[in-house]
Structures are given as C-alpha cells and as structure tokens.
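The residues making up each chain are set out below.
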Amino acid sequence: MSICSSDSSSSSGSSSAKTWILHSIVAGAAIAVAIGARTYLTRSKKFRSRVIGIIPARFASSRFQGKPLVHILGKPMIQRTWERAKLATTLDNIVVATDDERIAECCRGFGASVIMTSESCQNGTERCNEALGKLEKKYDVVVNIQGDEPLIDPEIIDGIVKALQASPDAVFSTAVTSLKPEDAFDPNRVKCVVDNLGYAIYFSRGLIPYNKSGKVNPNFPYLLHLGIQSYDAKFLKIYPELQSTPLQLEEDLEQLKVLENGYKMKVIKVDHDAHGVDTPEDIEKIETLMREQNVI
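Computed from a prediction, not measured in an experiment: that's the story for all the values here.

Student: Would you take a moment to explain the overall build of the protein for this structure?
Tutor: Scanning the protein from N- to C-terminus turns up nine helices and 11 strands. Each of the 296 residues in the protein was classed as buried or not, and the buried ones make up 47%. Across the protein, the fraction of contacts at a sequence separation of at least 24, relative to all contacts at a separation of at least 6, is 68%. When the accessible surface of the protein is totalled, it reaches about 16,100 Å², and 53% of it is carbon and sulfur.

Printed below as a string of structure tokens:
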C-alpha cells in the first residue's frame, strides 16, 4: 500500500509538474503576445505621427492672378483657408509657403507663419518640399492644403492624414467626392478612378471612365478629386528628383507623376460639396454659399 501510495503521490506530483509547466508556457505565450501587441501598437502610434499642413500660394496665375489675396466676404481667401485648416486635429503646425512678398505680408498680418520659397517651383508639391526643407522641426507627413479652398472641411484634412498613417505601402493620400453631372466635361474639375482597395488608378481632366455612348451615365458613381493631398515626408524629398512623365505633362496633373513612377496613392471618399476658386466668376458662388451657411 505504501508503495502504491508512493507511486500515486509520485504520479500526482509528476502530473502537477506537467500542469504547472503547461500553465507557465501558456502564461508566457500570453505575456509575449501582450508585449508584442503593445510594442506594435506603440510603433503604430508613432508611425508618421508628426504632421504639418502647408498652404502653397503664388500670386502669378494664368487663370486668376493674385487669387490668394482676393477678398471673400471681407477676408483674403488664403486667410479663410488658413482658418479652416487650423480646425483640423491632426496638424501639429500650419505654414504658408509663397514666393511673393505681397502674400507673405498679408499672411503675417493675420497671424500665419510664412516660409518664403523660390519662383522656380513648378507646382504646389515642389513648393511644399522646399518649405519642408527650411523648417527647423522634422515632420513625417506633409499635408498640401490648396489655398483656393476657403470652405475646406477640417475633417477631410484629418481623414487623409489618418489614411496615410494607416497605409504604410502608400506614399501619398488624397480625397474624392461625388462628381456632379454638370461638371462632367469641365477640365477644371479633375476626375479620379480607384481600385477595390481604395488606391488611385488614374486622374484626368476628362470624364473617366468614358463609355461608348460618349454621354454621362446617370447611374455611374463618377468621382471628383479634391485638391487636398498628403505625402510621406521622405517621399516628398525625392519627388522633385523624379522625371516628369508623359501623362503628367499631357493632363497637367502633378499626382500622375506619382502614379507613373510606380508609387501607391491612398484615396478616401468623402461627402463634400467642392467649392474651389478657379476663376473670378467663382467668387460670387462662394460668397452666396457662405451666406446660406451663415459662415462669417
């Protein structure tokens, strides 16, 4: 009996030891998973976390000279854009990048920080890159905020920033909204098509997709590109070094250079009634809308 007792005790001890070891392994695995998840989340939170908004502005324009300084209900248009951008929660800083002292003086007057850039910048992206290089602080994401969007929704700014932060395979993000039928053939309204994962396929001043009838399909969800876009700061630094591309030059759309060089661009769809200012005639439309919305 004593032997049996001893064997039973030994077996029980062995079983307990095995159980203890098993529990230790499971517990250790759980701890490892928790630590790993914590490390991942910590890294994710820091990924592209430092964000700056840059409003590129130039006085010379073939369609509307001096556009940033035109008054909209008593305020310069660029001031209205700046005030809207300041409402975005993802931006750590906002600056205006310009090559014109008249614009710089105006912006300093209402409290904006200004970075002077050269006249050789071919587009807003290059101006943003030059301004980024002159800033003392380092940033991970740069948001190019079009100065001719005085009613830009700050939630759209936050949306494209978060989309880029969540898409490590993309170097660029932007936004689209539904295209109005009357804007289908307006070359100033840039259209966009995206794939099933939300990445840009193409942008065009013409209607895309374009069907065999040559007419607008009232049942198709055409997309209008909104001018706002954000870039990974490291990519922005190499953007000016990329050769201009045939489609970019033909359409005169800088985002096509990104796609033609094989980079990915994340696109979010938003519900936004686009009201950019492209011509002097657009001012009255904007002011009417602002009165309707009681925007002062």
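Now, onward.
Student: Looking at this structure, I do not really get the confidence of the model for the protein. What am I missing?
Tutor: Caution is warranted with low-pLDDT regions, since their predicted coordinates should not be read in detail. With 84% of its residues at a pLDDT of 70 or more, the protein has an overall mean of 85. Across residues 1–44 the pLDDT falls below 50, and counting only partners more than four positions away or on other chains, this stretch makes zero contacts in the model.

Student: Looking at this model, I keep getting lost on helix α3 (residues 101–109). Mind explaining?
Tutor: Structural remark: α-helix, 3.6 residues per turn; residues separated by three or four positions point the same way. If you check which residues of α3 are buried, you get I103, A104 and C107. Burial along α3 is one-sided: seen end-on, the buried residues are contained in an arc of 100°. Away from the buried face of α3 by more than 90 degrees, exposed residues E105 and G109 are located. Those residues of α3 that are buried lie in contact with β1 (51–57), α2 (77–85), β4 (93–98) and β5 (113–116). G111 sits one or two residues past α3 and shows a positive phi near 100°.

Student: Where do I start with the pairing of strand β9 (residues 200–204) in this structure?
Tutor: On a regular strand, each side chain points to the face opposite its neighbour's, so the side chains alternate between the two faces of the sheet. Judged from the four bridges that link them, strand β8 (residues 191–194) and β9 form a sheet pairing that is antiparallel. Bridge pairing links C192 to F203 in β9. The hairpin formed by β8 and β9 contains five residues between the paired strands, and G198 there has a positive phi angle of roughly 85°.

Student: So what exactly am I meant to see when it comes to the side chain of K266 here?
Tutor: Turning to its location among the elements, K266 is positioned in strand β11 (residues 265–269). No salt bridge forms around the buried K266; measuring N to O, its nearest opposite-charge neighbour D195 is 6.7 Å away.

Basis of the calculations
Residues numbered from 1 in each chain as written. Predicted model: local features only at pLDDT ≥ 70, side-chain atom pairs only at ≥ 80, totals over all residues. Heavy atoms only, no water. Helix = DSSP H or I, 4+ residues; strand = E, 2+ residues; numbered from the N terminus. Buried < 20%, exposed > 50% of the residue type's maximum accessible area, 1.4 Å probe, protein only. Contact = heavy atoms within 4.5 Å. Areas by Shrake-Rupley, 256 points an atom, 1.4 Å probe, with all protein chains shown as cover. pLDDT = per-residue confidence, 0-100. Arc of directions from axis to C-beta. Pairing = 2+ DSSP bridges. Lys, Arg positive; Asp, Glu negative; His and termini not counted. Salt bridge = Lys/Arg side-chain N within 4 Å of Asp/Glu carboxyl O.

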